Amino acid sequence: MQVLNNINLVAQEGKMISIMGVSGSGKSTLLHILGLLDEPDSGDVYLFADKVNFTDKKKLAKIRNNYIGFVFQFYSLINELTVLENVLLPMMINGIINQDYAKELLLRVGINQELFNKRSYNLSGGEKQRVAVARALVNKPKLIIADEPTSNIDENNAMLLMSLLRDLQQSFNTTVIISTHSKKIAKFCDITYFLSEGVLIDEDNN
Ligand SMILES: Nc1ncnc2c1ncn2[C@@H]1O[C@H](COP(=O)(O)OP(=O)(O)OP(=O)(O)O)[C@@H](O)[C@H]1O
Ligand SMILES: [Mg+2]
């Protein structure tokens, strides 16, 4: 079955882009390709004007860790690690650890200090989702890809999270691509696309 068809998406640096579409329309599939986690059956992906070579897995992993922060739809935290350790992990892989920044990000997504040393399997779904966002941001990625990052959290925390993404975008010119079922979240972004029958349709947000 072909999920995506003739997709042509250019994500401009420093823009917040949302992708909407019914369940099963291919949002996660598209984001996994944009995040260099899956290789498309045909077509190419360019990152900073360079064509991505999907065969060199080591290099791909390095690019992902350095430049891309990915928030998975189902969080993918490491259960046995604490909240703080989960967020520090991408820093450890890079060899540059800044605990204060990790803690600051956790606080900014609304995770209180009491939770920092709790094992992540003890958290609620929404707490896990917010920790996953902090983890995705910790290496100051140029590109943030978030698959339904607010699907399990209350409106206040969802808006807190979106403001954090907006702040990062403004401070570091970060590009943000998120999928969402929420019109409110989509409105918060600069550009919204709808994915339907494998095709991307753009709608001006203004
Ligand atoms: N690993 C896979 N192998 C084969 N088909 C898959 C795989 N993952 C997803 N699909 C199929 O691809 C289509 C698109 O799925 P995808 O997960 O991208 O949708 P989605 O828009 O993210 O949906 P949701 O809003 O429910 O998260 C669906 O028909 C799904 O069944
Ligand atoms: Mg999905």
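Once a new chain begins, its residue numbering starts again from 1 and follows that chain's sequence as written. For naming, the first written chain is A and the first written ligand is 1, with later ones following in the order written. Thresholds applied to this predicted model are a pLDDT of at least 70 for local features of residues and 80 or more for the giving and counting of side-chain atom pairs; totals over whole chains, interfaces and linings are not thresholded and use all residues. In computing side-chain values, all of the structure's heavy atoms are included and hydrogens and water are not.

**Q** Any chance you could explain the nonpolar core here in plain terms?
**A** As a rule of thumb, soluble globular proteins bury nonpolar side chains together. Counting residues in each nonpolar core, the largest one holds 38 residues, and the members touching the most others are L106, I111, V131, L137 and L165. Each helix is a run of H or I in the DSSP string that is no shorter than four residues. Each strand is a run of E no shorter than two, and both are numbered from the N terminus. At the level of secondary structure, the elements contributing two or more residues to this core comprise α3 (83–94), α4 (99–108), α5 (125–137), β5 (143–147), α6 (155–172) and β6 (175–179). For this analysis, residues touch if any pair of their heavy atoms sits within 4.5 Å. Those residues in contact with I111, other than ones at most four positions away along the chain, are V83, L106, F116, E127, R130 and V131. Buried Ala, Val, Leu, Ile, Met, Phe, Trp, Tyr and Cys residues that are joined via side-chain atoms within 4.5 Å together make up what is termed a nonpolar core. Three exposure classes are used, based on accessible area relative to the maximum for each residue type with a 1.4 Å probe and protein chains only: buried under 20%, partly exposed in between, and exposed over 50%. If you look at the next biggest cluster of nonpolar residues, it comprises 22 residues, including I19, L34, L36 and I177.

**Q** For this particular structure, what's the right way to read the packing of aromatic side chains?
**A** Between 30 and 60 degrees the pair is tilted, below 30 it is stacked and above 60 it is edge-to-face, where a pair is any two Phe, Tyr or Trp rings, Trp via its six-membered ring, whose centres lie within 6.5 Å. Tallying each qualifying case throughout the model produces two aromatic pairs. Taking 4.8 Å as the distance between ring centres and 40° as the angle between the ring planes, the aromatic pair formed by F70 and F72 counts as tilted. Judged by relative accessible area, which is 10%, F70 ranks as buried. The ring of Y101 has K140 sitting right over it, with the charged end atom 4.3 Å from the ring centre. Only lysine NZ and arginine CZ atoms are considered, and such an atom sits over a ring when it is within 6 Å of the ring centre and within 35 degrees of the ring normal.

**Q** Looking at this structure, I do not really get the coordination of the magnesium ion (ligand 2). What am I missing?
**A** Note on metal sites: the ideal angle is 109.5 degrees for four tetrahedral donors, and 90 or 180 degrees for six octahedral donors. Distances define the donors: N, O and S atoms within 2.8 Å of the metal qualify, as do those within 3.2 Å of Na, K or Ca. Water is excluded, so some sites may look unfinished. Binding of the magnesium ion (ligand 2) to the protein goes through S28 (OG) and Q73 (OE1), at separations of 2.0 to 2.3 Å. With S28 in helix α1 (residues 27–34) and Q73 in the loop between β4 (68–71) and α3, this residue pair connects regions lying 45 residues apart in the sequence. Under the relative-accessibility criterion, Q73 is labelled partly exposed at 22%.

**Q** What am I meant to see in the packing of α4 against α6 here?
**A** A pair of packed helices can be characterised by two numbers: the angle between their axes and the separation between those axes. Angles run from 0 to 180 degrees between N-to-C directions of axes, and those axes are lines fitted to C-alpha atoms, restricted for helices to the stretch in contact. Relative orientation of the contacting elements α4 and α6 amounts to 135°, with a least axis distance of 9 Å. It follows that α4 is oblique to α6 by the angle criterion. Facing α4, whose interface residues are Y101, L105 and R108, α6 presents L160, L164, D167, L168 and F172. Taken together, the residues of the contact of α4 with α6 sort by class into six nonpolar, no polar and two charged. Any angle from 65 to 115 degrees is called roughly perpendicular, while one under 35 is roughly parallel, one over 145 is roughly antiparallel, and all others are oblique. Residue polarity follows a fixed list, in which Ala, Val, Leu, Ile, Met, Phe, Trp, Tyr, Cys and Pro are nonpolar, Asp, Glu, Lys and Arg are charged, and the others, Gly among them, are polar.

**Q** Even after reading the chapter, I still don't get the pattern of salt bridges, so can you show me in this structure?
**A** Any two side chains of opposite charge can pair, given that their charged atoms come close. Put simply, a salt bridge is a Lys or Arg side-chain nitrogen that is within 4 Å of an Asp or Glu carboxyl oxygen. The tally for this structure, following the rule as stated, stands at five salt bridges. Residues D44 and K51 are paired through a salt bridge, measuring 3.8 Å at the closest nitrogen-oxygen approach. In this pair, the class of D44 matches that of K51, namely exposed. A salt bridge links R108 to D167; the nearest nitrogen and oxygen atoms lie 2.4 Å apart.

**Q** Any chance you could explain the site of ligand 1 here in plain terms?
**A** The local shell around ligand 1 holds 13 residues, among which S23, G24, K27, T29 and Q73 are the closest. Here K27 contributes a side-chain N or O atom positioned 2.7 Å from an oxygen atom of ligand 1. In the model, an oxygen atom of ligand 1 is placed 2.8 Å from a nitrogen or oxygen of the Q73 side chain. Considered on its own, ligand 1 offers 640 Å² of accessible surface; in the complex 51% of this is hidden by protein. We call a residue near a molecule or strand as soon as one heavy atom of that residue lies within 4 Å of the molecule or strand. Polar contact is the term for a pair of N or O atoms within 3.5 Å; when the atoms are in protein, one must be able to donate a hydrogen and the other to accept it, and sequence-neighboring residues count only if both atoms are side-chain atoms. In these tables, accessible area is a Shrake-Rupley quantity obtained with a 1.4 Å probe, and a residue counts as shielded only by the protein chains included in the view.

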